[in-house]
Amino acid sequence: VTSTYSDVIDCDFIGNTAPTNGALGIGPRANLLRCRFIGNSATQGDTGALGISPPARVVDCVFLGNSCTSFGGAVYTSGSSSGSGNHVDFVNCLFAHNSSGVAGGALFLYESFGVGPYLTNCTIADNSAAQSGGGVRMRSTSSSVATLPI
């Protein structure tokens, strides 16, 4: 889904497979509410379950048992150079039993120019990565200090 202003509500994504974005790749201004991503996989790259671009909100969602061969077993997202407010908010989400072949077992957060995703009241448990960030791996491209509001 590449259109803007997408709402995905009360949806289940179970057992999907793709080279990247195993279950869903979605563009900016998306709202995901009460969705479940279970057992999805990316067989040739990033993002076992959800690839999402800012700005966006992911609320009350479950990411369970997703996997990928490189970055972001459950989720891969990035910040943007266009300033504050242009990030992805994760609120009241569960990330468990996800795995990555390289980094970010549950989440791979690519921060750009000081703008990164926000995590609020999320649980991150029993995830794994082959190299770094079993739960969360944050990478920054900016020369400024990168922060991850949790």
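The following paragraphs examine the structure supplied in this document. (Residues numbered from 1 in each chain as written. Predicted model: local features only at pLDDT ≥ 70, side-chain atom pairs only at ≥ 80, totals over all residues. Heavy atoms only, no water.)

What the protein contains, in helices and strands, is zero helices and 20 strands. Looking at the 150 residues of the protein, the share that counts as buried comes to 44%. For the protein, long-range pairs separated by at least 24 residues make up 78% of all intrachain contacts whose partners lie at least 6 apart in sequence. When the accessible surface of the protein is split by element, carbon and sulfur atoms take 49% of a total near 6,500 Å². (Helix = DSSP H or I, 4+ residues; strand = E, 2+ residues; numbered from the N terminus. Buried < 20%, exposed > 50% of the residue type's maximum accessible area, 1.4 Å probe, protein only. Contact = heavy atoms within 4.5 Å. Areas by Shrake-Rupley, 256 points an atom, 1.4 Å probe, with all protein chains shown as cover.)

What follows is about the side chain of Ser 70. Inspection of the secondary structure puts Ser 70 in the loop between β11 (67-68) and β12 (75-78). Overall, the relative accessible area of 12% leaves Ser 70 in the buried class. A distance of 3.1 Å separates the side chain of Ser 70 from the backbone oxygen of Gly 45, its partner in a polar contact. Only 2.5 Å separates the side chain of Ser 70 from the side chain of Asp 46, close enough to count as a polar contact. Ignoring any residue separated from it by four or fewer positions in sequence, one finds Ser 70 in contact with Gly 45, Asp 46, Ser 100, Gly 101, Val 102 and Ala 103. (Polar contact = N/O pair within 3.5 Å; in protein donor to acceptor, adjacent residues only side chain to side chain.)

Successive residues of a regular strand alternate their side chains across the two faces of the sheet. Here strand β13 (residues 88-91) shows two buried faces, one formed by Val 88 and Phe 90 and the other by Asp 89 and Val 91. With four bridges connecting them, strand β9 (residues 56-59) and β13 associate as parallel partners. Within β13, the residue paired with Arg 57 across the bridge is Asp 89. Bridge analysis of β13 against strand β17 (residues 118-120) gives three bridges, and the strand direction is parallel. By the bridge assignment, Phe 90 is partnered in β17 with Leu 119. (Pairing = 2+ DSSP bridges.)

Attention shifts here to the sheet that holds strand β19 (residues 128-129). Reading across from one edge, β3-β7-β11-β15-β19 is the order of the five strands in this open sheet, with parallel pairing throughout. The open sheet has two edge strands, β3 (17-18) and β19, and neither has a second partner. Of the strand pairs in this sheet, strand β15 (residues 99-100) and β19 are connected by two bridges, and their pairing is parallel. Across the sheet, Ser 100 pairs through a bridge with Ala 129, a residue of β19.

Looking now at the pattern of salt bridges. According to the stated counting rule, one finds three salt bridges in the structure shown. Measuring nitrogen to oxygen at the nearest pair gives 2.7 Å for the salt bridge that ties Asp 10 to Arg 34. Here the residue Asp 10 occupies a position in the loop between β1 (7-9) and β2 (12-14), and Arg 34 occupies one in the loop between β5 (30-33) and β6 (36-38), the gap between them amounting to 24 residues. The class for Asp 10 is partly exposed, based on a relative accessible area of 48%. Between Arg 36 and Asp 12 there is a salt bridge, with its nearest N and O atoms 2.9 Å apart. With Arg 36 in strand β6 and Asp 12 in strand β2, this pair connects stretches of sequence that are 24 residues apart. (Salt bridge = Lys/Arg side-chain N within 4 Å of Asp/Glu carboxyl O.)

Quick look at the sheet that holds β12 now. Hydrogen bonds between backbone groups are what pair the strands of a sheet, and the pairing can be parallel or antiparallel. Strand order in this open sheet of five strands is β4-β8-β12-β16-β20, and the pairing throughout is parallel. The outermost strands of the open sheet, each flanked by one partner alone, are β4 (24-26) and β20 (136-140). Adjacent strand axes in the sheet meet at a mean angle of 10° when their direction is disregarded. (Axes fitted to C-alpha atoms, helices over the stretch in contact; angles between N-to-C directions.)

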